[in-house]
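# An overview of the molecular structure
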Amino acid sequence: MKLGSLTAALIVISISTSWAASSEPIQPIPAASVKNKAKMELGKKLFFDPRLSKSGFISCNSCHNLSMGGTDNLQTSIGDHWQQGPINSPTVLNSSMNLAQFWDGRAKDLKEQAGGPIANPGEMAFTHELAVDVLRSIPQYRAEFKRVFGSDDVKIDMVTEAIAAFEETLVTPDSRFDKWLKGDRKALNNTELAGYRLFKDAGCVACHNGTAVGGGSFQKMGLHADYKTASKAEGRIAVTGKDADRMNFKVPILRNVELTYPYFHDGAAWTLEEAVDTMGRLQLGRNFSKDEIGKIVAFLKTLTGTQPDFKLPILPPSTDKTPRPRPFQ
Ligand code: HEC
Ligand code: HEC
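Model, not experiment: these values are computed from the prediction. (Residues numbered from 1 in each chain as written. Chains lettered and ligands numbered in written order. Predicted model: local features only at pLDDT ≥ 70, side-chain atom pairs only at ≥ 80, totals over all residues.)

This part covers the nonpolar core. If you look at the biggest cluster of nonpolar residues, it comprises 29 residues, and the most contacted ones within it are Leu46, Leu52, Ala131, Leu135, Val159, Ala162 and Ile163. Among the elements of the structure, α2 (37–48), α4 (110–119), α5 (128–136), α6 (139–149) and α7 (156–167) are those that each provide at least two residues to this core. With 7 residues, α7 is the single largest residue contributor to this core. Discounting chain neighbours no more than four positions away, the residues touching Val159 are Leu46, Ala131 and Leu135. (Core = buried A, V, L, I, M, F, W, Y, C linked by C-beta atoms within 7 Å. Buried ≥ 20, exposed ≤ 12 C-beta atoms within 10 Å, placed from the backbone. Helix = DSSP H or I, 4+ residues; strand = E, 2+ residues; numbered from the N terminus. Contact = placed C-beta atoms within 7 Å.)

Now for the site of ligand 2. Near ligand 2 you find 27 residues, and of these Cys204, Cys207, Tyr263, Phe264 and Met279 are the closest. With 7 residues, the top contributor of residues to the shell around ligand 2 is helix α11 (residues 272–284). Of the residues belonging to the shell around ligand 2, the class tally is 20 nonpolar, 7 polar and no charged. (Near = placed C-beta within 6 Å. Nonpolar A, V, L, I, M, F, W, Y, C, P; charged D, E, K, R; others polar.)

What follows covers α11. Counted at 1.5 Å a residue, the expected span for α11 with its 13 residues is 18 Å, and the 17 Å between its end C-alpha atoms agrees. For α11, the set of buried residues is Leu272, Ala275, Val276, Met279, Gly280 and Gln283. All buried residues of α11 fall inside an arc of 135° around its axis, so they share one side. On the buried face of α11, the contacting elements are α12 (290–300). (Expected span 1.5 Å × (residues − 1). Arc of directions from axis to C-beta.)

To continue, consider the site of ligand 1. Around ligand 1, the structure places 25 residues, and the nearest of them are Cys60, Cys63, Pro90, Phe102 and Pro117. Elements that contribute at least two residues to the shell around ligand 1 include exactly α3 (60–63) and α4. A breakdown of the residues in the shell around ligand 1 according to their chemical character gives 14 nonpolar, 10 polar and 1 charged.

Direction vectors running N to C along α11 and α12 enclose 115°, while the axes themselves pass 9 Å from each other. As for the relative orientation of α11 and α12, their crossing is right-handed in sense. Side by side, α11 and α12 meet where Leu272, Glu273, Val276 and Asp277 of the first sit next to Ile293, Ile296, Val297 and Leu300 of the second. Across the contact of α11 with α12, the residue classes break down as 6 nonpolar, no polar and 2 charged. (Axes fitted to C-alpha atoms, helices over the stretch in contact; angles between N-to-C directions. Left-handed = near helix turned anticlockwise from the far one by under 90°.)

Note that the residue after Tyr261, namely Pro262, is joined by a cis bond; omega there is -10°. The topology assignment puts Pro262 in the loop between β4 (248–250) and α11. If you check the backbone angles, His81 has positive phi at about 60° while not being a glycine. Within the element layout of this structure, His81 appears in the loop between β1 (78–79) and β2 (83–84). For Val213, which is not a glycine, the phi torsion comes out positive at approximately 55°. Relative to the helices and strands, Val213 resides in the loop between α9 (190–201) and β3 (218–220). For Val213, a count of 29 C-beta atoms within 10 Å puts it in the buried group.

For the rest of this paragraph, the subject is the domain arrangement of the protein. Assigned domains of the protein: these are domain 1 (37–167) and domain 2 (176–303). Inter-centroid distance (C-alpha atoms) of domain 1 to domain 2 is 27 Å. Each side of the interface is counted separately: domain 1 has 22 residues, and domain 2 has 27 residues. Among the residues forming the side of domain 1 that touches domain 2, the class breakdown is 10 nonpolar, 10 polar and 2 charged. (Domains from an automatic or database assignment.)

Let's shift gears to the packing of α2 against α6. One way to put it is that α2 packs onto α6 with a least axis distance of 9 Å and a crossing angle of 145°. Relative to α6, α2 is oriented so that their crossing is left-handed. Contact residues: Ala38, Lys39 and Leu42 in α2; Glu144, Arg147 and Val148 in α6. Taken together, the residues of the contact of α2 with α6 break down into 3 nonpolar, no polar and 3 charged.

Below, the structure is given as structure tokens:
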């Protein structure tokens with residue numbers, strides 16, 4: 001009798017917690033908290049400033065366009081001199097929630113990451129020294145660095161720290177799915193809800209979970225069958241040198257996935273239907289029906305949140321001392 005009522009009590013607890021948002025494998029995105037407004041504003045300018053590139057034409061926003069979900073919507077990015085990039089550009093939205101940055105996780109955080117593209121010959125093709133020279137030649141920038149860092153002796157470290165502070169604010173709360181998580185049962189329709197159940201029951205949440213619905217681990221692409229691709233990227237092995245890490249990629253964030261096509265590190269899948277079908281077969285050994293794929297895609301589209309909304313920054317003009325852009329050299 002006693003045992004029976006204990007079991008009953010346990011059942012009641014498990015039923016009630018299964019309805020509580022806290023027991024879901026996905027958590028809502030909290031609103032952005034700005035720790036240092038002046039630093040964030042400086043970082044915003046730098047994010048949009050093409051003078052950090054050799055050509056004077058390519059900014060972070062060129063490949064992480066904040067009007068297009070923080071990506072370029074290209075299979076692989078275009079760099080300096082119209083170079084064909086080797087890999088798809090991931091979104092900068094919610095990227096502060098990643099366990100590490102880049103598909104292979106070679107940068108530990110946003111600050112470390114931000115130094116990469118400026119000096120990457122295939123991206124902005126500049127050097128950190130030249131980028132710093134540009135900023136030092138512009139009095140308004142010097143004044144702003146002094147206000148934020150207490151010194152107008154601009155260093156690349158300050159540049160990357162400011163950009164990271166801006167990127168930390170690029171979060172997308174209040175998606176319909178988050179409203180549902182917070183208790184608004186009308187926020188999702190039946191198809192979307194069925195898609196979410198399938199996403200959980202089929203096992204997608206084993207890898208795509210947490211606040212960002214991904215970004216929390218490195219996983220092998222092609223668990224049940226090899227992933228066929230023309231791309232030379234082999235993922236995490238580039239960082240660890242371990243054979244076991246071949247084709248291990250950072251699990252992408254699925255927040256705003258409706259906006260961040262094409263999909264996968266090689267940008268080979270142009271539609272969500274194709275990406276979900278591939279995931280089912282390669283990661284779960286499961287052939288989804290058209291109807292099931294439709295439901296999962298309907299759910300994925302509820303992950304589109306409120307996009308960062310701000311005034312386009314006005315950049316201070318170059319001076320006589322500013323190194324000239326060299327787009328054709
Ligand atoms: C020419 C296009 C291009 C430019 C310019 C560019 N990026 Fe990227 N970005 C990429 C690509 C491609 C990747 C993925 C590279 C990889 O994983 O090997 C990437 C990766 C990232 C990531 C990691 C996201 C993740 O989920 O791992 C962040 C953050 C980022 N870039 C921010 C920036 C910032 C800040 C700038 C400006 C300083 C910048 N990018 C300039 C193309 C670009
Ligand atoms: C074993 C871990 C794992 C499982 C299970 C898994 N995924 Fe993935 N998912 C990944 C990895 C890793 C990638 C990146 C692969 C690549 O780019 O080569 C990815 C990529 C994706 C992408 C493309 C995102 C982008 O921005 O490029 C989508 C969409 C996706 N998964 C949805 C799903 C769905 C839906 C399921 C369930 C049917 C699922 N995944 C199951 C690990 C997993």
